[in-house]
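Spelled out, the chains give:
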Amino acid sequence: MKEICIIIVILVLIIGTAIWVQSYLNNTTEYLLKDLKILEKELISSKEDNNRGNIVKKGNEIRNKWNKIENGWAIIILHDELDMIETSLIKMSANIEYGTISDSIEELENLIFLVEHISDKEEFNLKNIF
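The present account deals with the structure reproduced in this document. (Residues numbered from 1 in each chain as written. Predicted model: local features only at pLDDT ≥ 70, side-chain atom pairs only at ≥ 80, totals over all residues. Heavy atoms only, no water.)

**Remarks on the packing of aromatic side chains**
Now for step 1: For the structure on display, the rule yields two aromatic pairs.
Now for step 2: Each ring, one from Trp20 and one from Tyr24, has its centre 5.8 Å from the other, and the planes form 15 degrees; the classification is stacked. A residue pair is termed a helical-turn pair when its members lie 3 or 4 positions apart in one helix, as Trp20 and Tyr24 do in helix H1 (residues 2–49) at four residues.
Now for step 3: Owing to a relative accessible area of 55%, Trp20 belongs among the exposed residues under this scheme.
Now for step 4: A relative accessible area of 23% means that Tyr24 is categorised as partly exposed.
Now for step 5: With a centroid separation of 5.6 Å and 90 degrees between ring planes, the pair formed by Trp66 and Trp73 is classed as edge-to-face. (Phe/Tyr/Trp six-rings, centres within 6.5 Å; stacked < 30°, edge-to-face > 60°. Helix = DSSP H or I, 4+ residues; strand = E, 2+ residues; numbered from the N terminus. Buried < 20%, exposed > 50% of the residue type's maximum accessible area, 1.4 Å probe, protein only.)

**Concerning helix H4 (residues 101–122)**
Now for step 1: The end-to-end C-alpha separation of H4 is 32 Å, in line with the 32 Å expected for 22 residues at 1.5 Å each.
Now for step 2: Looking only at H4, the buried set comprises Ile101, Ser104, Ile105, Glu107, Leu108, Leu111, Ile112, Leu114, Val115, Ile118 and Ser119. (Expected span 1.5 Å × (residues − 1).)

**Notes on the side chain of Glu107**
Now for step 1: Note that Glu107 resides in helix H4.
Now for step 2: Buried charge Glu107 goes without a salt bridge, the closest partner of opposite sign being Lys91 at 4.7 Å.
Now for step 3: Apart from residues no more than four positions distant in its own chain, Glu107 is found in contact with Ser88, Lys91, Met92 and Asn95. (Lys, Arg positive; Asp, Glu negative; His and termini not counted. Salt bridge = Lys/Arg side-chain N within 4 Å of Asp/Glu carboxyl O. Contact = heavy atoms within 4.5 Å.)

Spelled out as structure tokens, the structure:
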């Protein structure tokens, strides 16, 4: 009976941790994607009126948020995927700084895809199990 109780406690811990990790990933993904979508709208509007001041500031805010999120994700996610996000974020920021808005939008779309892909890949569903 003692062994069964230990097994049940271990299973509850594993399942509880998995639920918490999934919740953390979903919350941080939504938090980051919200700002990325706002930046996307601002990039598109600045392409028309050529005003970059607010975009540079927003890009720096996103980089700061990413640095906080990355510390938590590094425990859960493969570092290669985190490096791809970091690279994309740096390219996007550089494009914003140098005024190549079209390239910034392209890199931003890539960044949004990578963030969504990680969240989808780590989600608990049949597709990811098999």
